[in-house]
Amino acid sequence: MSELTFDTAALHQLLEGPDGPVAKDLARRAVQVERTVKRSLHQPGRGRTYTRGGVVHRASAPGDPPATDLGRLAAATSWELGVDERGLHARIGSNYPVQLFLELGTRRMAARPHLRPALEAAR
């Protein structure tokens, strides 16, 4: 009868190591999501047109990604790999203050999702 043994250190490196193949695949997928988000943020708006600060702006329509003038949200969108008590993960998002309000909407504004559609497309 044969005995099967596992090299737990190698298995841990494979599944949770920052340089392992699982981490590399997760990083590739995070880059794909980031690119999709940034591409969606560079689409012209389909909502109303108005002047703000002397600049004509065409807003996004509810349900569309935000229409940007300066590209701050796209510039602030990034990803990082991390490991916590649940294991290896990728964090994708933005530190831009209004990102959450745009993604989820508010009482006064319908959502302008850009992260969730990119995550769905990467599934």
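Residues numbered from 1 in each chain as written. Predicted model: local features only at pLDDT ≥ 70, side-chain atom pairs only at ≥ 80, totals over all residues. Heavy atoms only, no water.

Engineer: Kindly report on the side chain of Gln99, identifying the contributing residues and their values.
Structural biologist: Tracing the chain through its elements places Gln99 in helix α4 (residues 99–104). Ignoring anything within four residues of it in the chain, the contact list for Gln99 reads Leu73, Ser94, His114 and Leu115. (Helix = DSSP H or I, 4+ residues; strand = E, 2+ residues; numbered from the N terminus. Contact = heavy atoms within 4.5 Å.)

Engineer: Talk me through the pairing of strand β3 (residues 77–84); I want residue IDs and the actual numbers.
Structural biologist: With eight bridges joining them, β3 and strand β4 (residues 87–94) adopt antiparallel strand pairing. Opposite Glu80, over in β4, you have Arg91 as the bridge partner. (Pairing = 2+ DSSP bridges.)

Engineer: Requested: an account of the nonpolar core, with residues and values cited.
Structural biologist: Counting residues in each nonpolar core, the largest one holds ten residues, listed as Ala30, Val33, Val37, Leu41, Leu73, Ala74, Ile92, Leu102, Leu115 and Ala118. Listing elements by their share of this core, those giving two or more residues are α2 (21–41), α3 (72–76) and α5 (115–122). It is α2 that contributes the most residues to this core, four residues altogether. Those residues in contact with Ala30, other than ones at most four positions away along the chain, are Trp79, Ala90 and Ile92. (Core = buried A, V, L, I, M, F, W, Y, C linked by side-chain atoms within 4.5 Å. Buried < 20%, exposed > 50% of the residue type's maximum accessible area, 1.4 Å probe, protein only.)

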